[in-house]
Amino acid sequence: MDLSCTDEEEAYRAGLREWLAATLPGLPERPDPLDWPARRAYDCGWQRRLYDAGYADVHWDASPTQRLIFLEETELAGAPYVGANFVGLLHAGPTVAAEGTPEQRARWLPPVLRGDEVWCQGFSEPGAGSDLASLRTRAVRDGDEYVISGQKIWTSHAEVADWCELLVRTDPGAASKHKGITWLAMPMDAPGITVRPLRTLAGSTEFAEVFLDEVRVPVGNRVGEENDGWRVTMVTLSFERGTAFVGEVVACRRLLGELARTARKNGTWDDPVLRRGLGRLSAEFRALWRIVQANVSEAQATGGVPGAGGSVFKLHYSHARQELYEAAAAVLGPEALDLGRDWTLDRLSSLSYTIAAGTSQIQRNIVAERILGLPKGR
């Protein structure tokens, strides 16, 4: 397994680094992180800059290694994160790129790359979270359209989205609950859609409930075959777990350095237990970065779609991130309760990481069955 970069990839890194150094000082002031309409405008504006500079296609028309370099360098430079474009760039877009028809790729991918359209994720339901295949939102074929009724929850960025990657049940009588699911692209302005934002512990409304009352979606918006949506979903989740958090690993490593500097200034560095904890976390995130490199190397050798190793990464990362922000709370002391600090908001957000993108329990099952070859539970 070769984890090194080629001369061409290093040249790409150098060019990107130079462009970031010239571009970032001229960006407008970042909006309130809890104001998602303003965040959408800002995030899409940044995406348009990337597009105009020729860096936008990195998410699916570049090699996995080049994508890794892009995420690493933009995070190290303090560039804006994908934000409201998260689902389109890191989940739905790569899925359409891998599974969509040429017509679907031409329709949906360029607007995402330009920052013109934002996607949300309509997977989870009140009765289908960890057991996603138990979803009950139904889609009934009516000529060239599906008529959809049901409810979704924890729909990421539904409040500001133009499109939704939607899972529906098209064959309620299928022998297996995994067999009757279909993956659709649903326009969020279609009649019959009601969006109710959900306020998180940090005060953000990045999630929403979505109610669907006989919403009509063209059959041409189906990605993959009818009732083959579970397989397509596994492609989506492989991107979500395998590469979507890469930039955040770099951010966590940078935060560790900031924590150490803060601890030296406020005296908490004198605590040997704290110092050992930060040292162990440094080793954890170095190991996670190597896992990322290994997963990217594997994806590059197998067609660009991350494999089951993404579950190893996601499982370990979600717990390490929570431990990191617990360490941040120990360093900050009473200041850790100040909601005006980015670290405090990030700490609250980190609590969801053992649930988001598949719970830790689900990831352990995947690792046990698909990597270790253990039998499935009965």
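Data block above holds the structure.
Being a predicted model, the structure only gives us computed values, none of them experimental.

Draft legend 1. Just the environment of C164, in detail. Within the secondary structure layout, C164 lies in strand β4 (residues 163-169). Here C164 is in contact with W119, C120, Q121, G122, L184, A185, M186 and M188, once residues within four sequence places are set aside.

Draft legend 2. Representation of the pairing of strand β3 (residues 145-152) within the structure. Sheet topology note: the strand β2 (residues 138-142)/β3 ladder contains 5 bridges and is antiparallel. Directly across from D142, in β3, lies its bridge partner E145. Where β2 folds back on β3, the antiparallel hairpin that results is connected by 2 residues, among which G143 adopts a positive phi of roughly 65°. Here 7 bridges tie β3 to strand β7 (residues 207-218), and the two strands are oriented antiparallel to one another. Bridge pairing links K152 to V210 in β7.

Draft legend 3. Representation of the state of the cysteines. A full pass over the atoms with the stated rule returns 0 disulfides. For C164, which is in no disulfide, the shortest distance to another cysteine sulfur is to C120 and amounts to 3.7 Å. For C164, a relative accessible area of 2% puts it in the buried group.

Draft legend 4. Structural detail: unusual backbone geometry. Of note in this structure, W154 is not a glycine but carries a positive phi near 55°. Summarising the element assignment, W154 is placed in the loop between β3 and β4. With a phi close to 55°, E214 is a non-glycine residue in the positive phi region. Following the sequence through the fold, E214 ends up in strand β7.

Draft legend 5. Inspection of empty space enclosed by the protein at higher detail. Scanning the model with the defined rule gives 3 cavities of 30 Å³ or more in all. Estimates place the volume of the largest cavity at around 120 Å³. Taken together, 15 residues line the largest cavity, and the ones lying closest to its centre are F70, T74, P80, Y81 and V82. Mapped by element, the contributors of at least two residues to the lining of the largest cavity are α2 (36-53) and α3 (64-76). Taken together, the residues of the lining of the largest cavity break down into 9 nonpolar, 4 polar and 2 charged.

Draft legend 6. Looking closely at the packing of helix α4 (residues 86-99) against helix α5 (residues 102-114). Where α4 meets α5, the axes come as close as 9 Å, and the angle between the chain directions of the two elements is 160°. Here α5 runs roughly antiparallel to α4, going by the angle between their axes. Of the two possible hands of crossing, α4 and α5 adopt the one that is left-handed. Of the residues in α5, those in contact with G88, L89, G93, V96, A97 and A98 of α4 are Q104, R105, W108, L109, V112 and L113.

Draft legend 7. Focus on the packing of aromatic side chains. Scanning the model with the defined rule gives 8 aromatic pairs in all. Relative to Y55, the ring of W19 has its centre 5.4 Å away and its plane inclined at 50°; by these criteria the two rings are tilted. With a gap of 36 residues between them, W19 in helix α1 (residues 7-23) and Y55 in the loop between α2 and α3 connect regions that are remote in the sequence. Under the relative-accessibility criterion, W19 is labelled buried at 18%. Relative to W163, the ring of W108 has its centre 5.6 Å away and its plane inclined at 70°; by these criteria the two rings are edge-to-face. Of this pair, W108 sits in helix α5 while W163 sits in strand β4, and the two are 55 residues apart along the sequence. Note on accessibility: W108 and W163 belong to one class, buried. Each residue in the set Y12, W19, W46 and Y55 is aromatic and connected to the rest through ring pairs, giving one cluster.

Draft legend 8. Looking closely at α4. Taking 1.5 Å per residue, 14 residues should reach 20 Å; α4 reaches 19 Å between its end C-alpha atoms and fits that length. The sharpest bend along α4 measures roughly 40° and falls at A92, with the proline P94 sitting one to four residues further on. Among the 14 residues in α4, 12 count as buried, and that is most of the element. All of the buried residues in α4 are F86, V87, G88, L89, L90, H91, A92, G93, P94, T95, V96 and A97.

Draft legend 9. Focus on the pattern of salt bridges. One pass over the structure, following the stated rule, counts 20 salt bridges. In this structure, the salt-bridge partner of R231 is E99, at a minimum N-O distance of 2.9 Å. You can see R231 sitting in helix α6 (residues 229-242) and its partner E99 sitting in helix α4, a full 132 residues away along the chain. Overall, the relative accessible area of 38% leaves R231 in the partly exposed class. Salt-bridge contacts for R114 lead to D116; the nearest nitrogen and oxygen are separated by 2.6 Å. A residue is classified by how much of its surface remains accessible, and R114, at 23% relative accessible area, is partly exposed.

Draft legend 10. Summary view of the environment of R107. As for its placement among the helices and strands, R107 is situated in helix α5. In contact with R107, other than residues within four places in its own chain, are E117 and W163.

About the criteria used
Residues numbered from 1 in each chain as written. Predicted model: local features only at pLDDT ≥ 70, side-chain atom pairs only at ≥ 80, totals over all residues. Heavy atoms only, no water. Helix = DSSP H or I, 4+ residues; strand = E, 2+ residues; numbered from the N terminus. Contact = heavy atoms within 4.5 Å. Pairing = 2+ DSSP bridges. Disulfide = S-S within 2.5 Å. Buried < 20%, exposed > 50% of the residue type's maximum accessible area, 1.4 Å probe, protein only. 1 Å grid on protein atoms, 1.4 Å probe; cavity = no way out; pocket = protein on both sides within 12 Å on 5 of 7 lines; lining within 4 Å. Points joined across faces, edges and corners; volume = space filled by probe spheres on them. Nonpolar A, V, L, I, M, F, W, Y, C, P; charged D, E, K, R; others polar. Axes fitted to C-alpha atoms, helices over the stretch in contact; angles between N-to-C directions. Parallel < 35°, antiparallel > 145°, perpendicular 65-115°, else oblique. Left-handed = near helix turned anticlockwise from the far one by under 90°. Phe/Tyr/Trp six-rings, centres within 6.5 Å; stacked < 30°, edge-to-face > 60°. Expected span 1.5 Å × (residues − 1). Bend = angle between axes of the 7 residues up to and from the residue. Salt bridge = Lys/Arg side-chain N within 4 Å of Asp/Glu carboxyl O.

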